[in-house]
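Examining the three-dimensional arrangement
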Amino acid sequence: MAHGGTNFGFYSGANTGSAEADYQPDLTSYDYDAPIREDGDVDNSKYNAIRKVIARYSSVPLPSVPSNIQKTAYGPIHLQRKTSLFDEFNFTSSTNVFESEQPMSMESVGQLFGFLLYVTQYKANGGIKTLLIPKLHDRAQVFISCPSEVTGARPSYVGAIERWSNNKLNLPNLKCHSNINLLILVENMGRVNYGPYIFDGKGILSSVYLDGEILHRWKMFPIPLHNLNEVPTHNGIMQVAYSARGKRLTSKHENTSREPAFYSGHFSIDKSSEVKDTYISFNNWGKGIAFVNDFNIGRYWPLRGPQCNLYVPAPVLKQGDNILVILELESPDPELVVHSVDEPDFTCSFGNMNLHQL
């Protein structure tokens, strides 16, 4: 491979082994240890070795080696929590919803990438219950809550179910009056792009069982989120991402529920000559996706690694005000800050996962 590049947006693929459960989603970075690096630099031994061999057999002189692309660090970017992801949906009277007795796949609702939120209810008759999803593609975060008309309680995070482990999940006893809301946020982490499992449907692809009984009456809420400028302008996600500029939170530690939420921040570039490639470091953050000036720069998951920093090429940036929006799925940095740095970093939680995995 001459140049791997970057899996911007949701375009990262996935590998698999001999079994469908042996699922290995790709990193956002596709640097691939290629002679031309992710950011276009060629100052490395592999490039020089290839150039040396070509020069040996070339009948004409080779062109000069291009200089490395200039990169810069814009420093810390302070973020503000804007809204919970769940607050952007009206679960009782939404127009952007699909309803079915059984869960529908992402493709069945006309969606190719991103997230799909599944919502149903079960009876609050006490005791711990066991949730099983036999076929899930690819990762689900599970929440429960009492219906809003009863208590108004926030959704409570229970745990994650992952395609590569397909574990059962115990739902704690929640004291609601009649029913309990079950919310399952499913992420498409990348499609298998070769082999016998290339027809890689996404979402919940089977019935869902609670204590061995099939759950019915599902609502599906699409959350494609490719680039923010592709989200309809009336959508609340756009409004919260760009509203309340300069407004301060009363507490940096407000988000303690592991509820997915949007955060946004600004950084300024004074001169056009200062618009350079950069990287954004997500050390101390949990898992999520990030957008710079509406553009989806990819996924981060430093707790699994190995990638810590996401690449931001200069054409994504502009002179003046630049906006960073993050959808944090699990646990934000308590200080609500990320850093713009001038180099990649692949040392996060090294060894915890297969290098292909995000």
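Counting restarts for each chain, with residues numbered from 1 along the sequence as it is written. Local features are withheld for residues below a pLDDT of 70 in this predicted model, meaning they are given only at 70 or higher, and side-chain atom pairs are given and counted only at 80 or more; totals for whole chains, interfaces and linings count all residues. Side-chain numbers here rest on the full set of heavy atoms in the structure, without hydrogens or water.

Ordered in space as 20-19-22-17-3-23-18-21, the 8 strands form an open sheet in which the pairing is antiparallel. Edge strands, defined here as strands with exactly one partner in the open sheet, are strand 20 (295–300) and strand 21 (309–312). Within this sheet the neighbouring strands show an average axis-to-axis angle of 25°, counted without direction. Bridge count between strand 18 (residues 278–281) and strand 23 (residues 337–341): 3 bridges; the pairing is antiparallel. From the neighbouring strand, Ile280 faces strand 23, where its bridge partner is Ser340. Only strands that DSSP links by at least two bridges are regarded as paired with each other. Helix numbers and strand numbers start at the N terminus; a helix is a DSSP run of H or I with at least 4 residues, a strand a run of E with at least 2. Here the axes come from fitting lines to C-alpha atoms, over the contacting stretch only for helices, and the angles between their N-to-C directions go from 0 to 180 degrees.

Here a Phe, Tyr or Trp ring, Trp counted by its six-membered ring, pairs with any other such ring whose centre lies within 6.5 Å, and the pair is stacked when the planes are under 30 degrees apart, edge-to-face when over 60, and tilted otherwise. Within the structure shown, the criterion is met by 12 aromatic pairs. Consider the rings of Phe86 and Phe143, whose centres lie 5.0 Å apart with planes at 80°: the pair is edge-to-face. In this pair, Phe86 sits in the loop between strand 3 (75–84) and strand 4 (98–100) while Phe143 sits in strand 8 (residues 139–145), placing the two residues 57 residues apart along the sequence. Burial here depends on accessible area, computed with a 1.4 Å probe over protein chains only, as a share of the maximum for the residue type. Under 20% is buried, over 50% is exposed, and the range in between is partly exposed. For Phe86, a relative accessible area of 3% corresponds to the buried category. Its relative accessible area of 0% is what places Phe143 among the buried residues. Pairing Tyr263 with Trp285 gives two aromatic rings, centres 5.6 Å apart and planes at 85°, and the pair type is edge-to-face. Separated by 22 residues along the polypeptide, Tyr263 in strand 17 (residues 261–269) and Trp285 in the loop between strand 18 and strand 19 (288–292) bring together distant segments of the chain. An aromatic cluster is built from Phe86, Phe143 and Tyr157, whose rings are joined through pairwise contacts. In our convention, an over-ring charge means Lys NZ or Arg CZ found within 6 Å of a ring centre and within 35 degrees of that ring's normal. Over the aromatic face of Phe113 sits the side chain of Arg191, whose NZ or CZ is 6.0 Å from the ring centroid.

Right, let's get into the environment of Asn309. As for its placement among the helices and strands, Asn309 is situated in strand 21. Among the residues examined, Asn309 registers a relative accessible area of 5% and is labelled buried. Note on contacts: a residue pair qualifies if any of its non-hydrogen atoms lie within 4.5 Å across the two residues. Sequence-distant contacts of Asn309, that is, excluding residues within four places in its chain, are made with Tyr279, Ile280, Ser281, Phe282, Val341, Glu343, Pro344 and Asp345. Contacts described as polar in this section are N or O atom pairs within 3.5 Å, which, within protein, must combine one atom able to donate a hydrogen with one able to accept it, while residues neighboring in sequence count only if both atoms come from side chains. Side-chain polar atoms of Asn309 contact the side chain of Ser281, separated by 3.3 Å.

Counting buried positions along strand 3 yields 8 of 10 residues, so the element is predominantly enclosed. Bridge count for strand 3 against strand 23 is 4 bridges, and the pairing is antiparallel. For Pro76, the partnering residue across the bridge sits in strand 23 and is His339. With 5 bridges joining them, strand 3 and strand 17 adopt antiparallel strand pairing. Looking across to strand 17, one finds that Arg81 is bridged to Tyr263.

On to the sheet that holds strand 1 (residues 13–16), then. Strand order in the open sheet formed by 3 strands is 2-1-12, with mixed pairing between adjacent strands. Strands at the two margins of the open sheet, each flanked by one partner only, are strand 2 (23–25) and strand 12 (191–192). Bridge count for strand 1 against strand 12 is 2 bridges, and the pairing is parallel. Its bridge partner being in strand 12, Gly13 is matched across the sheet by Arg191.

This brings us to the nonpolar core. Across soluble globular proteins, nonpolar side chains show a tendency to be buried alongside one another. Residues Leu131, Leu182 and Ile184 are the most contacted members of the largest nonpolar core, which totals 27 residues. Sorting the residues of this core by element identifies strand 5 (115–123), strand 8, strand 10 (169–171), strand 11 (179–187) and strand 16 (218–223) as the ones contributing at least two each. Other than its neighbours up to four places away in sequence, Leu131 contacts Val142, Ile161, Lys168, Leu169, Leu171, Leu182, Ile184, Val208, Tyr209, Leu210 and Leu215. To qualify as a nonpolar core, a set must consist of buried Ala, Val, Leu, Ile, Met, Phe, Trp, Tyr and Cys residues joined through side-chain atoms within 4.5 Å.

Looking along the chain, the bond that leaves His137 and enters Asp138 is cis, with omega of 15°. As for its placement among the helices and strands, Asp138 is situated in the loop between strand 7 (136–137) and strand 8. The step from Gly305 to Pro306 runs through a cis peptide bond, and the omega angle for that step is 0°. Looking at the element boundaries, Pro306 is found in the loop between strand 20 and strand 21. Even without being a glycine, Leu225 presents a positive backbone phi close to 50°. Mapped onto the elements of the fold, Leu225 is located in the loop between strand 16 and helix 2 (236–242). At Leu336, a residue that is not glycine, the phi angle is positive and equals roughly 55°. Here Leu336 is to be found in the loop between strand 22 (320–328) and strand 23.

Treat this as a map of the structure, not an account of what it does.
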